[in-house]
Amino acid sequence: MALKLTINSSATRIRRGGMVEESIERAAARAIVAMREGLGEQLTVDDMARAAMFSKFHFSRIFQRATGLSPGRFLSALRLQYAKHLLVSTSLNVADICLRVGYNSVGTFSSRFSKSVGMSPTTYRRCSGFAEQIPTVPAHRVASTARLYGNARLSQLGASGPVFIGLFPDRIPEGRPARCTILPAPGPYSFDTVPPGTWYLLAQSVSGDWQTPPLDPADAEGRVSVATYGPITVRRDTVRADLTLKPARDLDPPVLLALTDARELALATAAERTEGAAPSMLVSSARSPHERALQRPAA
DNA sequence: TGACTTCTCCAGCTTGGTAT
DNA sequence: ATACCAAGCTGGAGAAGTCA
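In this text the structure is predicted, and so the values were computed from the model without any measurement.

Asker: Quick question: what am I supposed to make of the protein's contact with DNA strand B here?
Answerer: Lining the immediate surroundings of DNA strand B are 18 residues, of which V45, R61, Q64, S70 and T122 lie closest. Taking all atoms of DNA strand B within 4 Å of the protein, the share assigned to sugar and phosphate is 71%. Contact distances for DNA strand B include 2.5 Å between a base oxygen and a side-chain N or O atom of R61. Within the contact set of DNA strand B, a phosphate oxygen lies 3.3 Å away from a side-chain nitrogen or oxygen of S120. Residue assignment for the surface near DNA strand B shows that the elements contributing at least two residues are α3 (56–67), α4 (71–89), α6 (106–117) and α7 (121–126). Its residues assigned to classes, the surface near DNA strand B shows 5 nonpolar, 12 polar and 1 charged.

Asker: What am I meant to see in the packing of helix α2 (residues 45–52) against α3 here?
Answerer: In helix packing, the relevant descriptors are the interaxial angle and the interaxial distance, both defined with respect to the helix axes. Between α2 and α3, the shortest axis-to-axis distance is 9 Å and the interhelical angle comes to 85°. The angle between α2 and α3 places the two elements in the roughly perpendicular class. In this structure, α2 uses V45, D46, M48, A49 and A52 to contact α3, whose residues at the interface are K56, F59 and S60. Counted by class, the contact of α2 with α3 contains 5 nonpolar, 1 polar and 2 charged residues.

Asker: Is there a simple way to think about the protein's contact with DNA strand C in this case?
Answerer: Taken together, F54, S55, F57, H58, R61, R73, S76, Y103, N104, S105, T108 and R112 form the complete shell of residues around DNA strand C. Counting only atoms of DNA strand C within 4 Å of the protein, the fraction found in sugar and phosphate groups is 53%. At 2.9 Å, a side-chain N or O of S105 approaches a base nitrogen of DNA strand C. Contact distances for DNA strand C include 2.8 Å between a base nitrogen and a side-chain N or O atom of R112. Elements supplying a minimum of two residues to the surface near DNA strand C: α3, α4 and α6. Element by element, the count of residues in the surface near DNA strand C is highest for α3, at 3 residues. Of the residues contributing to the surface near DNA strand C, the split by class is 3 nonpolar, 6 polar and 3 charged.

Asker: When you look at the domain arrangement of chain A in this model, what are you seeing that I'm missing?
Answerer: Where interface size is given, it is often the accessible area lost as the parts come together that is meant. Per the domain assignment, the segments making up chain A are domain 1 (2–67), domain 2 (73–126) and domain 3 (139–295). Between domain 1 and domain 2, the contact holds 11 residues from the first and 11 residues from the second. For the pair domain 1 and domain 2, the summed buried area comes to about 830 Å², and 67% of that belongs to carbon and sulfur atoms. For domain 1, the biggest contributors to the area lost against domain 2 are M35, L39 and Q42; these three give 55% of the whole. Connecting domain 1 to domain 2 are 0 salt bridges. If you look at where domain 1 meets domain 2, you find 0 residue pairs in polar contact (both at pLDDT 80 or more). If you list the elements that add at least two residues to the side of domain 1 that touches domain 2, you get α1 (2–37) and α3.

Rules and cut-offs
Residues numbered from 1 in each chain as written. Chains lettered and ligands numbered in written order. Predicted model: local features only at pLDDT ≥ 70, side-chain atom pairs only at ≥ 80, totals over all residues. Heavy atoms only, no water. Near = heavy atom within 4 Å. Polar contact = N/O pair within 3.5 Å; in protein donor to acceptor, adjacent residues only side chain to side chain. Helix = DSSP H or I, 4+ residues; strand = E, 2+ residues; numbered from the N terminus. Nonpolar A, V, L, I, M, F, W, Y, C, P; charged D, E, K, R; others polar. Axes fitted to C-alpha atoms, helices over the stretch in contact; angles between N-to-C directions. Parallel < 35°, antiparallel > 145°, perpendicular 65-115°, else oblique. Contact = heavy atoms within 4.5 Å. Domains from an automatic or database assignment. Buried area = accessible area lost by both parts, 1.4 Å probe. Salt bridge = Lys/Arg side-chain N within 4 Å of Asp/Glu carboxyl O.

Written as structure tokens, this is what we have:
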């Protein structure tokens, strides 16, 4: 009887815990809707907390628990994501876009955009949203023997496209990843000479027919699958981290980094294979076009 | 002329600790 | 679980200068 009571109370706790998590996610989702609707306005954490009927202190904590990012950083990410969309889909100048997404200073907008996306707003527009290369921490500057490897797979059956996998200091794919790669399809990956530290492994895949010409990247973001693994503490050992890609939810931080045209790179790998070259991982073959595109250190 | 970079200042945010 | 406090930090505004 005592055992039964214990089991029941545990079950109740788990059920109650699940309900708490659900209500936290609902509150965060409501706040994100408010953020999206008020991108051009001066929304503060106080405003969002009031809308969610929490104190701003508590709201910050539960929001971070639900999304992995503080409300301020999430809002900044949404603004920059919207700016990316406006840059490739309109002919508005940078100053107008800056105002539309809620910044009052072009200087701030330009520097934050460059830092997060990896290129200036005008360069981003010129490249139609696709980076020629993604700068990473140069291998020769890292005294490390650490290796990170694993398998990236989709949570559900369906058409799968190329998978971008990056190692970032935060739960949001922005700035310069420590290491990154693009797989032609879900499968095994591996990173050598991983810098010591605490990292998040973030993966993104665009579903659908990846052999069609690149779409507007903002449009592509609507059918994105994502996966997050971490925090991973890397020292000198080998770490395994398997990823399961699931359809992106509103609670997932937006992808800010300008990605390479993954489909073009994946096609290059397919061509390599038909020519008889060994099917190589992007980071393990110095002759791979992906290697050249991804591992080239920034100037 | 428009876009970008760099810098300083400071309001607002984050975070760790604590109380209820 | 929720709320509050306080110290330290972050990021936004705006000015000045550079570049194409």
